[in-house]
Amino acid sequence: SQTIHQWPATLVQPVGSPLSLECTVEGTSNPNLYWYRQAAGRGLQLLFYSVGIGQISSEVPQNLSASRPQDRQFILSSKKLLLSDSGFYLCAWSVGPTYEQYFGPGTRLTVT
Amino acid sequence: GESVGLHLPTLSVQEGDNSIINCAYSNSASDYFIWYKQESGKGPQFIIDIRSNMDKRQGQRVTVLLNKTVKHLSLQIAATQPGDSAVYFCAVPPGAGSYQLTFGKGTKLSVIP
């Protein structure tokens, strides 16, 4: 069966510090991968998606970036965090051509 | 692009009653719809989906109704239980050929014991 992992589960970082969040998927090949951000009490905002290794599409201009160094690995990064980067970051996968996405447990990021 | 809206941000129901959560979408060409459940501090979990060639689909204690005429869908939960307390999102693909999803803002369901 397929599983998706995210780490860390929680993170507190000062403004201006770098960020690296990792997501890995097991049990499937060539998944579509997604990074979402969810502000408190809000819906899900799609940040990046990837249909293959090295293929990244950005939905929202920001100081975040994403990379996909391996088929089932998706990384969210920032060189310098802003206060507004605080939120709940969710990674998801799907296998095309399907719409159904499966989410990881999320990372709670607090920028202080 | 597609926009998705929830009618009520919060809903409180008595345990054992039925719950109805509503969602409106903007693109009349949308052909697939998903409901997700998100418990506090966790990632969203798939509940049920429906394609546009159907008006109704039933799962275990849940039913999704689709009204394409008014671009509205609803999630009905029968005999609501405390474990149903969560935020519920509807999600719709933004357009043809895209396997992304546009999520509504969510309705927080609180079950009163």
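Note that the coordinates shown come from a computational prediction; the quantities given were computed from them, not determined experimentally.

**Considerations on the overall build of chain B**
Looking only at helices and strands, chain B features 0 helices and 11 strands. Each helix (α) and strand (β) of chain B, taken in turn from the N terminus, gives the series β-β-β-β-β-β-β-β-β-β-β. Against the globule reference of 13 Å for 113 residues, chain B gives a C-alpha radius of gyration of 13 Å, in line with a compact fold. Along the first, second and third principal axes, the C-alpha atoms of chain B reach 45 × 30 × 20 Å. By residue count, 43% of the 113 residues in chain B fall in the buried class.

**What to know about the side chain of Thr24 of chain A**
All names here are of chain A. By the secondary structure assignment, Thr24 is in strand 3 (residues 19–26). When its relative accessible area of 16% is taken as the criterion, Thr24 is described as buried. Dropping the residues within four chain positions of it, Thr24 is found in contact with Thr3, Ile4, His5, Trp7, Arg72 and Gln73.

**So, the packing of aromatic side chains**
Under the defined criterion, the tally for this structure stands at 12 aromatic pairs over all chains. Three or more aromatic residues joined by ring pairs make a cluster, and in this case those are Tyr34, Tyr36, Tyr49 and Phe103 of chain A together with Tyr36, Phe46, Phe89 and Phe103 of chain B.

**Topic: the interface of chain A and chain B**
Across the boundary between the two partners, chain A contributes 19 residues, which contact 21 residues of chain B. Buried area between chain A and chain B, summed over both chains or domains, comes out near 1,600 Å², and the portion from carbon and sulfur atoms is 58%. Summed over the shared surface of chain A and chain B, the result is 0 salt bridges. Where chain A touches chain B, the interface holds 3 residue pairs in polar contact (both at pLDDT 80 or more). Elements with a minimum of two residues in the side of chain A that touches chain B: strand 4 (32–38), strand 5 (44–52) and strand 9 (87–94) of chain A. Among the residues making up the side of chain A that touches chain B, the classes are represented as 11 nonpolar, 5 polar and 3 charged.

**A closer look at the state of the cysteines**
Joining two cysteines, a disulfide is a covalent bond between their sulfur atoms. Using the criterion set out here, one finds 2 disulfides over all chains in the structure. Each sulfur in the disulfide pair Cys23 of chain A and Cys91 of chain A lies 2.0 Å from the other. Judged by the sign of its S-S torsion, about -75 degrees, the cystine formed by Cys23 of chain A and Cys91 of chain A is left-handed. A residue pair is termed long-range when its members are at least 10 positions apart, and Cys23 of chain A in strand 3 and Cys91 of chain A in strand 9 qualify at 68 residues. Overall, Cys91 of chain A belongs to the buried group, its relative accessible area being 0%. At a sulfur-sulfur separation of 1.7 Å, the disulfide partner of Cys23 of chain B is Cys90 of chain B. The sign of the 50 degrees torsion about the S-S bond sets the Cys23 of chain B-Cys90 of chain B disulfide as right-handed. Separated by 67 residues along the polypeptide, Cys23 of chain B in strand 3 (residues 19–25) and Cys90 of chain B in strand 9 (residues 86–92) bring together distant segments of the chain.

**Details of the pairing of strand 8 (residues 73–78) of chain A**
Residue and element names in this part refer to chain A. Taken across its 6 residues, strand 8 has 6 buried, putting it largely inside the fold. Residues Gln73, Ile75 and Ser77 line one face of strand 8 and the alternating positions Phe74, Leu76 and Ser78 line the opposite face, and both faces are buried. Of the pairings in the sheet, the one linking strand 3 to strand 8 comprises 6 bridges and is antiparallel in character. Counted as the bridge partner of Ser20 is Ser77 from strand 8.

**Comments concerning the nonpolar core**
All names here are of chain B. Within the largest apolar cluster, 22 residues are counted, with the highest numbers of intra-cluster contacts made by Phe33, Trp35, Leu73, Leu75, Tyr88 and Leu109. When contributions to this core are tallied by element, the ones reaching two or more residues are strand 2 (10–14), strand 3, strand 4 (32–38), strand 5 (45–51), strand 7 (62–67), strand 8 (72–77), strand 9 and strand 11 (107–112). Sorting elements by how many residues they give to this core places strand 9 first, with 4 residues.

**Focus: the sheet that holds strand 3 of chain A**
Residue and element names in this part refer to chain A. Strand order in the open sheet made by the 4 strands is 1-3-8-7, with antiparallel pairing throughout. For this open sheet the edge positions go to strand 1 (3–7) and strand 7 (64–70), each flanked by a neighbour on one side alone. When strand polarity is set aside, the average angle formed by the axes of neighbouring strands in this sheet is 20 degrees.

Criteria and cut-off values
- Residues numbered from 1 in each chain as written.
- Chains lettered and ligands numbered in written order.
- Predicted model: local features only at pLDDT ≥ 70, side-chain atom pairs only at ≥ 80, totals over all residues.
- Heavy atoms only, no water.
- Helix = DSSP H or I, 4+ residues; strand = E, 2+ residues; numbered from the N terminus.
- Rg over C-alpha atoms; globule rule 2.2 N^0.38 Å.
- Buried < 20%, exposed > 50% of the residue type's maximum accessible area, 1.4 Å probe, protein only.
- Contact = heavy atoms within 4.5 Å.
- Phe/Tyr/Trp six-rings, centres within 6.5 Å; stacked < 30°, edge-to-face > 60°.
- Buried area = accessible area lost by both parts, 1.4 Å probe.
- Salt bridge = Lys/Arg side-chain N within 4 Å of Asp/Glu carboxyl O.
- Polar contact = N/O pair within 3.5 Å; in protein donor to acceptor, adjacent residues only side chain to side chain.
- Nonpolar A, V, L, I, M, F, W, Y, C, P; charged D, E, K, R; others polar.
- Disulfide = S-S within 2.5 Å.
- Pairing = 2+ DSSP bridges.
- Core = buried A, V, L, I, M, F, W, Y, C linked by side-chain atoms within 4.5 Å.
- Axes fitted to C-alpha atoms, helices over the stretch in contact; angles between N-to-C directions.

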